[in-house]
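# Remarks on the overall topology
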Amino acid sequence: MADRGAEEEKGELGSRQGGERKMIIQSTSLNDPKLNKLKEVLVEWINKTLKVEHIVVRSLEEDLYDGLVFHHLLRRLADVHVHVEEIALSTDAQVRKLEVILTALNETLEMNEETVKWNVKLIHSRDLLATLHLLVAIARRFQPDLVLPPNVSVEVIQCEVTKSGVKADKQTEFITFQSNSSEALERESNKECPIDELFKLEAHKIETVKKAILHFVNKNMSSLGLNVTDLEKQFADGVILLLLIGQLEGFFIPLCEFFLCPVGSSEMLHNVTLALDLLIDRGLPVQSVEPQDIVSQDVPATVKVLYYLFNRHKNK
């Protein structure tokens, strides 16, 4: 397959305008364990993020080229809605859809379209390198706590069509964090949640962040006539957390699904578990938070959940 793909690329290059460049991953790099690990991490992350949408990705090369997955990631992670058809069957329709989605993505990522390492043509042609660069950029922007394998690189042949023919150079292309420092790589591999780092700081800095989150909570709960003064105690039964999620994410949670006036720890645990499940379905990385920790008024656990909601919706 790799040889056939290389031959196709070679054939395409012959018909291109002078000066156009193309990077082709060498077949030996495709078996690199670090590259395969990165692909596995990205596939797992996409599937967790889009679980509620019933979208399952198995191959980055074959499942992302038509724009459907990027469309849903944009909506789920950035709350950006673009007006494109859900399913694009023809090539022309897929390309048109990709143009709209990638433009919106580049704007959201604050990327210059002239310098990014992906474009409509590359993504639609199932270019793995371009697809990986785009996914890593999305993950870095919207899922900063996602641990990506560091120092992932591939050997590529950079082909350029010139007036005198095709010029080819071999080079190394880095996809994730590049560093020669073993300490820096270790920090990247073991990157902690920002809230975990926060609780290592001085008490007054923690209080400053808690006040900012408390202001954010009350701003969004005021329309319901609710006021929060104690983050740990008032979120322990899960009721305000569920109402806050509904307010921020724009949906109504039926009252029959949770206990509005919970009695006992089992009903409180039910509410908090439901809230965390909803957040996971919405793509927030709260898998490490145990429902019992919030019920027992564990400060870091409660603040961590509220921080992710705050970070996602603070600019709205």
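The rules behind each value
- The residue numbering used here restarts from 1 in each chain and proceeds along that chain's sequence as written.
- Residues qualify for local features only when their pLDDT is at least 70, as the model is predicted, and side-chain atom pairs are given and counted only at 80 or more; totals for whole chains, interfaces and linings, by contrast, use all residues.
- Excluded from the side-chain calculation are hydrogens and water; included are all heavy atoms of the structure.
- UniProt positions are given in the numbering used here, feature names are shortened, and annotations may be inferred rather than shown by experiment.
- A run of DSSP states H or I qualifies as a helix once it reaches four residues; a run of E qualifies as a strand once it reaches two. Both are numbered from the N-terminal end.
- Here, residues are in contact when the closest pair of their heavy atoms is within 4.5 Å.
- Here's how the labels work: a residue is buried when its accessible area is under 20% of the maximum for its type, exposed when over 50%, partly exposed in between, all with a 1.4 Å probe on protein chains only.
- Here, the term nonpolar core denotes a set of buried Ala, Val, Leu, Ile, Met, Phe, Trp, Tyr and Cys residues that are joined through side-chain atoms within 4.5 Å.
- Each Phe, Tyr or Trp ring (for Trp, its six-membered ring) is paired with any other whose centre lies within 6.5 Å, and the angle between the two planes then decides the class: stacked below 30 degrees, edge-to-face above 60, tilted in between.
- Each ring is checked for a lysine NZ or an arginine CZ that lies within 6 Å of its centre and within 35 degrees of its normal; such an atom marks a charge sitting over the ring.

Within an unreviewed UniProt entry, the label attached to the protein chain reads Gamma-parvin, and the organism entered is Carassius auratus. In its Sequence similarities (unreviewed entry) section, UniProt records this for the protein chain: "Belongs to the parvin family."

Here we come to unusual backbone geometry. You will see that Glu110, though not glycine, has its phi angle at about 55 degrees, which is positive. For Glu110, the position within the fold is in the loop between helix H5 (91-108) and helix H6 (120-124). Phi angles above zero are rare outside glycine, and Arg126 is one such case at about 65 degrees. Within the fold, Arg126 resides in the loop between H6 and helix H7 (128-142).

Mapped onto the secondary structure, His124 falls in helix H6. Setting aside anything within four residues of it in sequence, one finds His124 in contact with Tyr65, Thr91, Gln94, Val95 and Leu98.

Buried residues dominate helix H4 (residues 68-78), accounting for nine of its 11 residues. By the burial criterion, the buried members of H4 are Leu68, Val69, Phe70, His71, His72, Leu73, Leu74, Arg76 and Leu77. Residue Asp79 follows H4 closely and has a positive phi angle near 55 degrees.

The biggest cluster of nonpolar side chains holds 48 residues, and the ones touching the most others in it are Leu42, Ile46, Leu60, Phe70, Leu134, Ile138 and Ile175. Of all the secondary-structure elements, those providing two or more residues to this core are helix H2 (33-49), H4, H5, H6, H7 and strand S2 (153-162). The element contributing the most residues to this core is H7, with 11 residues. Each residue touching Ile175, except ones within four places of it in the same chain, is listed here: Leu35, Leu38, Leu129, Leu132, His133, Val136, Val152, Ser153 and Val154.

Moving on, we come to the packing of aromatic side chains. Here the structure, examined in full by the defined rule, presents two aromatic pairs. Each ring, one from Phe216 and one from Phe310, has its centre 5.3 Å from the other, and the planes form 80 degrees; the classification is edge-to-face. Residue Phe216 is located in helix H10 (residues 203-221), and its partner Phe310 is located in helix H15 (residues 299-313); the two are separated by 94 residues in the primary sequence. With a relative accessible area of 7%, Phe216 lands in the buried category. Its end group placed over the ring of Tyr65, Arg126 keeps NZ or CZ at 3.7 Å from the ring centre.

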